Amino acid sequence: MGLRRAQGPDGGLTASTYSYLGGFDSSSNVLAGQLRGVPVAGTLAHSFVTSFSGSEVPPDPMLAPAAGEGPGVDLAAKAQVWLEHVCAHLGLGVQEPHPGERAAFVAYALAFPRAFQGLLDSYSVRRSGLPNFLAVALALGELGYRAVGVRLDSGDLLQQAQEIRKVFRAAAAQFQVPWLASVPIAVSNNIDEEALARLAQEGSEVNVIGIGTSAVTCPQQPSLGCVYKLVAVGGQPRMKLTEDPEKQTLPGSKAAFRLLGCDGSLLMDVLQLAEEPAPQAGQELRVWPPGAQEPCTVRPAQVEPLLRLCFQQGQLCEPLPSLAESRALVQLSLSQLSPEHRRLQSPAQYQVGGRPALCASALCAPALTMPTTLLLCSLQVVLSERLQALVNSLHARASP
């Protein structure tokens, strides 16, 4: 819902696309729906509600029953009748709910009788938005239509949702309309990760969460914290040297693999030089975890290559996946992460290790990108592995 806060029209389009790719259900950006196939959903705006004064007369106030049989009904007049019953039930004066808000709800319901929803906080949720919504929703209900939801956009969203759900349940019992008790409640208003966790907690009455600014502008990381660096030219390694260790690079073209356990859980990702043989399932693998002083041994049950050649010499090597296929892959990858990696507070760091040859390749440069002891140990491991391979080869040749 953050199109108006995005950095330009293309920023809004890409944010809508990648939010859906990452797990959002839909976007309010209709252009993303038209161009990229992103499911489109949304609610009416405050500007729509406040543009009505209450004196407006709908061009055609008549609404036919949902079943298509019988004469049309004046929806505005029917809503006014229901308003009296609703206000008596809520202990409000019939003059308290804002007439312009009710006129806006009626206009919206006439245009979208099968998708009617109410934005409740343009004036007052309790004294105006809620009774006006109930009046129009119950009027539609008489004609066989069901409201699809309400939205809150200010205040304590969690508490208000609980209070509104109580009103819905009481009204459903009072007016003998069971469907009213389960009308979905949507919330929005600068929702970030912490607010999202609170709204999605067990016992919450919130059914739909609209997120905009915090997803589109990404306040925790307003710019991408990584850049590309040259690592090889014509097969020759290249390395960036700098006083800032975080900006130094490991030279050489690389391959990346994901190691999985017997239960399909993620063990770690591994970087290695591109010319090295790929890790094999069931075989032991020496890996340098970040910050470790010696390598560890891993025996993966499954090995997945992470890098695929998509473009070469400016040409597409294989058809690109559809947005739906990419979304499915993202959801599968996220589901494989452990709860420790996905928790909001102090998440566990996912391990990305390096093969010994990759770590040792940095010794070819005049400056080291990793602790000297780590690289020397890495080089020692590489040399010992190659020496052992040579010994094995000599034994094989000497065997009868």
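Just so it is clear, the model here is predicted, and its values are computed rather than measured. (Residues numbered from 1 in each chain as written. Predicted model: local features only at pLDDT ≥ 70, side-chain atom pairs only at ≥ 80, totals over all residues. Heavy atoms only, no water.)

A.B. asks: Just checking my understanding: could you explain the pattern of salt bridges for this structure?
C.D. replies: Here the idea is simple: oppositely charged side chains can pair when their charged atoms come close. Going through the model one piece at a time under the given rule, you end up with nine salt bridges. As a salt-bridge pair, Asp-153 and Arg-151 come within 3.6 Å of each other at their nearest N and O atoms. Residue class for Arg-151 comes out buried when judged on its relative accessible area of 8%. Of the charged contacts, one joins Arg-258 and Asp-269 as a salt bridge, the two residues approaching to 2.8 Å between their closest N and O atoms. Here the residue Arg-258 occupies a position in strand β9 (residues 254-260), and Asp-269 occupies one in strand β10 (residues 266-273), the gap between them amounting to eleven residues. Residue classification places Asp-269 among the buried positions, given a relative accessible area of 10%. Beyond isolated ion pairs, a larger network of salt bridges with shared partners links Arg-165, Arg-169 and Glu-205. (Salt bridge = Lys/Arg side-chain N within 4 Å of Asp/Glu carboxyl O. Buried < 20%, exposed > 50% of the residue type's maximum accessible area, 1.4 Å probe, protein only. Helix = DSSP H or I, 4+ residues; strand = E, 2+ residues; numbered from the N terminus.)

A.B. asks: Help me understand the pairing of strand β4 (residues 149-152), please; the structure alone is not making it clear to me.
C.D. replies: The two faces of a sheet get side chains in turn, since along a regular strand they alternate between them. A two-sided burial pattern is seen for β4, the buried positions comprising Gly-149 and Arg-151 on one face and Val-150 and Leu-152 on the other. As judged from the three bridges shared by strand β3 (residues 117-119) and β4, these two strands associate in the parallel manner. Bridge pairing in β4 places Gln-117 opposite Gly-149. Remark: the β3/helix α6 (residues 125-142)/β4 crossover connection has right-handed handedness. Across three bridges, the pairing between β4 and strand β5 (residues 185-187) is parallel. Within β5, the residue paired with Val-150 across the bridge is Ile-185. (Pairing = 2+ DSSP bridges. Right-handed = clockwise from strand over helix to strand, strands pointing away.)

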